[in-house]
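Okay, here's what each chain looks like letter by letter:
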Amino acid sequence: MMKARDTIRHAGKRKQLVDLLVKKGIQNKAVLAAINAIPRHLFMDSSFEDHAYQDKAFPIAADQTISQPYTVAFQSALLEVQRGDKVLEIGTGSGYQTAVLCELGVKVYSIERQHELFRKTKTFLTKLGYRPKYLSFGDGYKGLEEYAPYDGIIVTAGAPYVPKPLLSQLAIGGRLVIPVGDDPQIMTLFVRTSETEYQKREYGEFRFVPLLEDKN
Ligand code: SAH
């Protein structure tokens, strides 16, 4: 499974990617350090290895994509997590965003609806030494009630609307980062300010693969 290694050459390219993200406006030091630490080339097909540190999304298995590093950094920064926080990710995919959250020192719960990706990524993250608390094979529209509430919820696919369970599974003070709409999506932040109230802020256009509704 581990087809390539991490080398000084990869580390050099990674540093250049981090410099580019800083130029594009990412300021969160912990997020930049995470991106600087994670061998992104190992999260994608080896045929893309030479391009792994470009600021681009790439295809992974099951017609899905590994998100663009800028998008990963932007969403991770919006979450404003502290070490030890509990975070739910919707759309495990390649596991790259999961790894960023692990590097940030949070307890990660992540849901993936494609069985092939769920299985591959679970094995892969373990091999790489990342230890999310729980990887779930299921439907992200429902969230993950058993472990709620969460300090942060991050959705890594485009949601046609905001699923109610995700709002209700936020802790008071918790933050939901979700791209909403068809194509493109508007990056949207909800902060839960009380049992019944949420503050909403919008952060411009991004492009994601769709958050798919259950087939049945
Ligand atoms: N965070 C991932 C992004 C993958 S793309 C990465 O960095 O690689 C979005 C992912 O969301 C895909 O893996 C897709 O299968 C998954 N997805 C789509 N609809 C979903 C749903 N309803 N529940 C959970 N995951 C879903």
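Residues numbered from 1 in each chain as written. Predicted model: local features only at pLDDT ≥ 70, side-chain atom pairs only at ≥ 80, totals over all residues. Heavy atoms only, no water.

Enquirer: How would you sum up the site of the ligand? Please name residues and give values.
Expert: Looking at the ligand, there are 25 residues lining it, with Thr65, Ser94, Glu112, Gly140 and Leu212 nearest. One of the side-chain nitrogen or oxygen atoms of Glu112 is found 2.5 Å away from an oxygen atom of the ligand. For the ligand, a nitrogen atom lies 2.7 Å from a polar atom in the backbone of Gly140. Across the complex, the protein chains shield 100% of the 570 Å² of accessible surface that the ligand would expose by itself. Elements that contribute at least two residues to the shell around the ligand include exactly β2 (65-66) and β4 (107-112). Classifying every residue of the shell around the ligand gives nine nonpolar, twelve polar and four charged. (Near = heavy atom within 4 Å. Polar contact = N/O pair within 3.5 Å; in protein donor to acceptor, adjacent residues only side chain to side chain. Areas by Shrake-Rupley, 256 points an atom, 1.4 Å probe, with all protein chains shown as cover. Helix = DSSP H or I, 4+ residues; strand = E, 2+ residues; numbered from the N terminus. Nonpolar A, V, L, I, M, F, W, Y, C, P; charged D, E, K, R; others polar.)

Enquirer: How would you explain the packing of helix α1 (residues 8-23) against helix α2 (residues 29-37) if you had to name every residue and give the values?
Expert: The contact between α1 and α2 brings their axes to 8 Å, and the two run at 155 degrees. Put simply, α1 runs roughly antiparallel to α2. Helix-helix and strand crossings are classified by hand; for α1 and α2 the assignment is right-handed. Residues Arg14, Lys15, Leu17, Val18, Leu21 and Val22 of α1 form the contact with α2, whose own contacting residues are Leu32, Ile35, Asn36 and Ala37. Classifying every residue of the contact of α1 with α2 by side-chain character gives seven nonpolar, one polar and two charged. (Axes fitted to C-alpha atoms, helices over the stretch in contact; angles between N-to-C directions. Parallel < 35°, antiparallel > 145°, perpendicular 65-115°, else oblique. Left-handed = near helix turned anticlockwise from the far one by under 90°. Contact = heavy atoms within 4.5 Å.)

Enquirer: Explain the environment of Leu42 to me, using residue names and the numbers behind them.
Expert: Here Leu42 shows up in the loop between α2 and β1 (58-59). On the basis of relative accessible area, Leu42 is assigned to the buried category, the value being 8%. Spatially, the C-alpha atom of Leu42 lies 9.2 Å from that of Phe124, the residues being 82 residues apart in sequence. (Buried < 20%, exposed > 50% of the residue type's maximum accessible area, 1.4 Å probe, protein only.)

Enquirer: Just give me the short version of unusual backbone geometry, but keep the residues and values in it.
Expert: Excluding glycine, most residues fall at negative phi; most peptide bonds, likewise, are trans. With an omega of 5 degrees, the peptide bond between Ala148 and Pro149 qualifies as cis. Tracing the backbone through its elements, the reader meets Pro149 in the loop between β5 (134-137) and β6 (150-155). Backbone geometry places Asp63, a non-glycine residue, at a positive phi of 60 degrees. Structurally, Asp63 can be placed in the loop between β1 and β2. For Asp63, a relative accessible area of 74% puts it in the exposed group.

Enquirer: Explain the packing of helix α3 (residues 69-79) against helix α4 (residues 96-103) residue by residue, including any values.
Expert: Working note: a packed helix pair is described by the angle between its axes plus the distance between those axes. Their axes nearest at 11 Å, the elements α3 and α4 cross at an angle of 40 degrees. Put simply, α3 runs oblique to α4. For the crossing formed where α3 meets α4, the hand is right-handed. The segment α3 lies against α4, with Val72, Ser76 and Leu79 engaging Tyr96, Gln97, Val100 and Leu101. Split into classes, the residues belonging to the contact of α3 with α4 amount to five nonpolar, two polar and no charged.

Enquirer: Before we move on, could you go through the sheet that holds strand β3 (residues 86-90) and cite the residues and values that matter?
Expert: An order of β5-β4-β3-β6-β7-β8-β9 is seen for the seven strands of this open sheet, with the pairing classed as mixed. Two strands in the sheet have a free side with no partner beyond their single neighbour: β5 and β9 (198-206). Sheet twist, expressed as the mean angle between neighbouring strand axes with direction ignored, is 15 degrees. Sheet topology note: the β3/β4 ladder contains five bridges and is parallel. (Pairing = 2+ DSSP bridges.)

Just distances and angles here, no functional claims.
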